[in-house]
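# Survey of secondary and tertiary structure
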Amino acid sequence: DAGITQSPRHKVTETGTPVTLRCHQTENHRYMYWYRQDPGHGLRLIHYSYGVKDTDKGEVSDGYSVSRSKTEDFLLTLESATSSQTSVYFCAIQGEGNNQPQHFGDGTRLSIL
Amino acid sequence: SQKIEQNSEALNIQEGKTATLTCNYTNYSPAYLQWYRQDPGRGPVFLLLIRENEKEKRKERLKVTFDTTLKQSLFHITASQPADSATYLCAHLPGSARQLTFGSGTQLTVLP
């Protein structure tokens, strides 16, 4: 299995609080991704990174920010969480080459009350 | 924009039969289509990739076809087993970009 871990695995928090999710990889891959998965919507891309300090927005980036200060870590931050951000969040990594598959972590289940 | 559509209804089949899942895309033909398997509480796991110029790809009991005329990919599991029960996702990747677009998945249950 690709070396990718997400933390925490579960989190419950209140509306308006900041939340940071962490994705850590041991594969030294340049490309990393954050998705959210909701019933009926499938996986939707939030942000992605193509190197240290190089990030870009995905389809559903509003309300989220990311940072990548090291190759192995990609952080997703909800500055002020809202109930609509209750979801399961997945991180993925990808090797070089456009047709390379993405390898996913096991997700963070985030509930915002 | 490109949309990927999978049959959102769950598919139940009997053990030993062939399961066939459908993935349709709406606009331009993607350079690649990928298929993933997702088990409850886990992240998706890559299964197969098929290129635009390939008609068929096989891996053990899995087979994927790509029909650019119908704008459709079919995913087959032959001799299905209860362990094949999962949600299967298709995803397209335009040749010039790295952003995968996923379908919402089809939940397959193989009944013993």
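See the structure printed just above.
This is a predicted model, so every value here is computed, not measured. (Residues numbered from 1 in each chain as written. Chains lettered and ligands numbered in written order. Predicted model: local features only at pLDDT ≥ 70, side-chain atom pairs only at ≥ 80, totals over all residues. Heavy atoms only, no water.)

### Notes on the interface of chain A and chain B
Interface size is commonly expressed as the accessible area that is lost once the parts come together. Residue-level contacts link 26 residues of chain A with 21 residues of chain B. Summing both partners gives a buried area of about 1,800 Å² for chain A against chain B, and 48% of it is carried by carbon and sulfur. Inspection of the region where chain A meets chain B yields 1 salt bridge. The salt bridge partner of B:R42 is A:D106, with a shortest N-O separation of 3.0 Å. Put simply, chain A and chain B have 4 residue pairs in polar contact (both at pLDDT 80 or more) between them. Of all the secondary structure elements, the ones that give two or more residues to the side of chain A that touches chain B are β4 (31–38), β5 (42–51), β9 (87–94) and β10 (102–104) of chain A. A breakdown of the residues in the side of chain A that touches chain B according to their chemical character gives 9 nonpolar, 13 polar and 4 charged. (Contact = heavy atoms within 4.5 Å. Buried area = accessible area lost by both parts, 1.4 Å probe. Salt bridge = Lys/Arg side-chain N within 4 Å of Asp/Glu carboxyl O. Polar contact = N/O pair within 3.5 Å; in protein donor to acceptor, adjacent residues only side chain to side chain. Helix = DSSP H or I, 4+ residues; strand = E, 2+ residues; numbered from the N terminus. Nonpolar A, V, L, I, M, F, W, Y, C, P; charged D, E, K, R; others polar.)

### Observations concerning the sheet that holds strand β7 (residues 62–67) of chain B
Strand pairing in a sheet relies on backbone hydrogen bonds. The paired strands run either parallel or antiparallel. Residue and element names in this part refer to chain B. With antiparallel pairing, 5 strands are arranged side by side in an open sheet as β1-β3-β8-β7-β6. Two strands lie at the open edges of the sheet, namely β1 (4–6) and β6 (56–59), each paired on one side alone. Averaged over all neighbouring strand pairs, the angle between strand axes comes to 15°, with direction disregarded. (Pairing = 2+ DSSP bridges. Axes fitted to C-alpha atoms, helices over the stretch in contact; angles between N-to-C directions.)

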